[in-house]
Amino acid sequence: ERNQKAVLELATQPGNDVCADCKTRNPRWASHNLGIFIWRAPVLLGFLAAPYNTVTCSVNCASIHRKIGTHVTKVKSLTLDTWTKEQV
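For the chain, an unreviewed UniProt entry supplies the name Arf GTPase activating protein and the organism Artomyces pyxidatus.

**Student:** I tried to follow the packing of aromatic side chains on my own but got confused; where do I start?
**Tutor:** Each aromatic ring pair is specified by the distance between its two centres and by the angle formed by the two planes. Under the definition given, this model contains zero aromatic pairs. The ring centre of W83 lies 5.3 Å from the NZ or CZ of K76, which sits over that ring.

**Student:** Sorry, what's going on with unusual backbone geometry here?
**Tutor:** Both trends apply: most residues other than glycine have a negative phi, and most peptide bonds are in trans. Residues other than glycine seldom take positive phi values, yet K23 does so here, at roughly 70°. In this structure, K23 sits in the loop between α1 (2–11) and β1 (29–31). The phi torsion at N26 lies on the positive side, around 60°, for a residue other than glycine. Assignment of secondary structure puts N26 in the loop between α1 and β1. Relative accessible area serves as the criterion here: at 51%, N26 is assigned to the exposed category.

**Student:** Would you mind going over the side chain of S31 with me for this structure?
**Tutor:** Tracing the backbone shows S31 in strand β1. Other than its neighbours up to four places away in sequence, S31 contacts I36, I38, H65, T73, K74 and V75.

**Student:** Would you take a moment to explain the pattern of salt bridges for this structure?
**Tutor:** Opposite charge on two side chains permits pairing when their charged atoms draw close. Applying the stated criterion across every chain, the model contains one salt bridge. Linking D17 and R25 is a salt bridge whose minimum nitrogen-to-oxygen distance equals 3.2 Å. Here D17 falls in the buried class, since its relative accessible area comes to 19%.

**Student:** Explain the nonpolar core here, please?
**Tutor:** Nonpolar side chains in soluble globular proteins generally cluster together in the buried interior. Membership of the largest hydrophobic core is limited to eight residues, which are C19, C22, W29, I38, W39, C61, A62 and V75. Excluding anything up to four places from it in sequence, C61 contacts C19, D21, C22, I38 and W39.

**Student:** Just to check I follow, could you spell out the sheet that holds β1 for this structure?
**Tutor:** Spatially, β2-β1-β3 is the arrangement adopted by the three strands of the open sheet, whose pairing is antiparallel. Edge strands, defined here as strands with exactly one partner in the open sheet, are β2 (36–38) and β3 (75–77). Here the average twist between neighbouring strands, direction ignored, is 30°. Alignment of β1 against β3, held across three bridges, turns out to be antiparallel.

Analysis parameters
Residues numbered from 1 in each chain as written. Predicted model: local features only at pLDDT ≥ 70, side-chain atom pairs only at ≥ 80, totals over all residues. Heavy atoms only, no water. Phe/Tyr/Trp six-rings, centres within 6.5 Å; stacked < 30°, edge-to-face > 60°. Lys NZ or Arg CZ within 6 Å of the ring centre and 35° of its normal. Helix = DSSP H or I, 4+ residues; strand = E, 2+ residues; numbered from the N terminus. Buried < 20%, exposed > 50% of the residue type's maximum accessible area, 1.4 Å probe, protein only. Contact = heavy atoms within 4.5 Å. Salt bridge = Lys/Arg side-chain N within 4 Å of Asp/Glu carboxyl O. Core = buried A, V, L, I, M, F, W, Y, C linked by side-chain atoms within 4.5 Å. Pairing = 2+ DSSP bridges. Axes fitted to C-alpha atoms, helices over the stretch in contact; angles between N-to-C directions.

Dropping the structure here:
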């Protein structure tokens, strides 16, 4: 829980509050080995993207990072996954 709190606090810092790839505000995912915060659209956002975000749902940076592979980028949810001290 301490690590979870720390990573959420880091996500609010200036520069971390936007996706490193598409610049969407309030990213909820991160690549812990690259040290960047990234955005991923919630499933329902496909119908609601325009009023809530500056990009369309076709931009899903966390999914792109997952497709690149774990040998390059290791993606975790800020709230759904468990974070170790080393990953924070």
